[in-house]
Amino acid sequence: KIDLLESDFDKGIHHHFKTFPYIIEDEYLRKRMCTFLSQYDIITIDRDPFDTMLSYMYQSETKWNYAHRAKGQVLNIEPFKIGKFSVVEWVRNHKTYKHFISNLNVVKTFKYEELTEENISNFLNHKFNYGVWSMQPMNIDYENIITNIDEVKLVFEHVMEKHENM
């Protein structure tokens, strides 16, 4: 994909995309992606890490079949359990993400709650239309569908504290 992005950039074609930097396991490719993205002004989102993790775990559990913000989508929410290792792995990935973002030219960080079509349009100074996707959170009450939420909170807090002190 980086080859396509670089090739299209040279042709004046630009793409917007969402990326999970920890998926790019090869350090060379991660640096190459940072170099490529350094040519752009970056917009990012500031969201509570615990809520972000729960959202990610929910999406993983549902195999990403219920994309956030799809208009009129009916959710099939079944209770599920999150394993301790999944929490540890997510925190490690979150640390990779934060490091990756710190190397980019971030010109705007939206609070998650501020992420609306109107706010993005105002920032970009033109009408932003997300098409079939709405710009409102789905308001899933993760804490009521995760059967071991108390354990998950404890593990999350412990691992986050451990990683912050590294």
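None of these values were measured; they are calculated from a predicted model.

A. Seen up close, the overall build of the chain. Assigned secondary structure in the chain consists of 7 helices and 2 strands. For the chain, the succession of helices and strands along the chain, N to C, is α-α-β-α-α-β-α-α-α. In the chain, buried positions account for 36% of the 166 residues. In the chain, once contacts between residues fewer than 6 apart in sequence are set aside, the share between residues at least 24 apart is 74%. Carbon and sulfur atoms form 52% of the exposed surface of the chain, whose accessible area is close to 11,100 Å².

B. View of the confidence of the model for the chain. With 88% of its residues at a pLDDT of 70 or more, the chain has an overall mean of 85. Considering each helix and strand of the chain separately, the mean pLDDT is smallest for helix H5 (residues 117-124), with a value of 86, and largest for strand S2 (residues 106-111), with 94.

C. Spatial organisation of a nonpolar patch on the surface. On the surface, Ile-43, Val-107, Phe-123 and Leu-124 cluster together into a nonpolar patch covering about 290 Å² of accessible area. Counting through the fold element by element, Ile-43 comes out in strand S1 (residues 42-46). Of the residues examined, Ile-43 reaches a relative accessible area of 41% and is grouped as partly exposed.

D. Representation of the pattern of salt bridges in the model. As enumerated under the stated definition, the model contains 7 salt bridges in all. Between Asp-3 and Arg-32 there is a salt bridge whose closest N-O contact spans 2.4 Å. Placement of the pair is Asp-3 in helix H1 (residues 2-10) and Arg-32 in helix H2 (residues 27-37), with a sequence separation of 29 residues. A residue is classified by how much of its surface remains accessible, and Arg-32, at 18% relative accessible area, is buried. Taking the shortest distance from any N to any O, the salt bridge between Arg-30 and Glu-27 comes out at 3.2 Å. Taken together, the positions of Arg-30 and Glu-27, both in helix H2 and 3 residues apart, correspond to about one turn of that helix. Given a relative accessible area of 16%, Arg-30 falls into the buried group. One network of salt bridges, in which partners are shared, links Asp-3, Glu-6 and Arg-32.

What counts, and at which threshold
- Residues numbered from 1 in each chain as written.
- Predicted model: local features only at pLDDT ≥ 70, side-chain atom pairs only at ≥ 80, totals over all residues.
- Heavy atoms only, no water.
- Helix = DSSP H or I, 4+ residues; strand = E, 2+ residues; numbered from the N terminus.
- Buried < 20%, exposed > 50% of the residue type's maximum accessible area, 1.4 Å probe, protein only.
- Contact = heavy atoms within 4.5 Å.
- Areas by Shrake-Rupley, 256 points an atom, 1.4 Å probe, with all protein chains shown as cover.
- pLDDT = per-residue confidence, 0-100.
- Patch = residues over 30% accessible without salt bridge, like charges linked within 9 Å, V, L, I, M, F, W, Y side chains within 5 Å.
- Salt bridge = Lys/Arg side-chain N within 4 Å of Asp/Glu carboxyl O.

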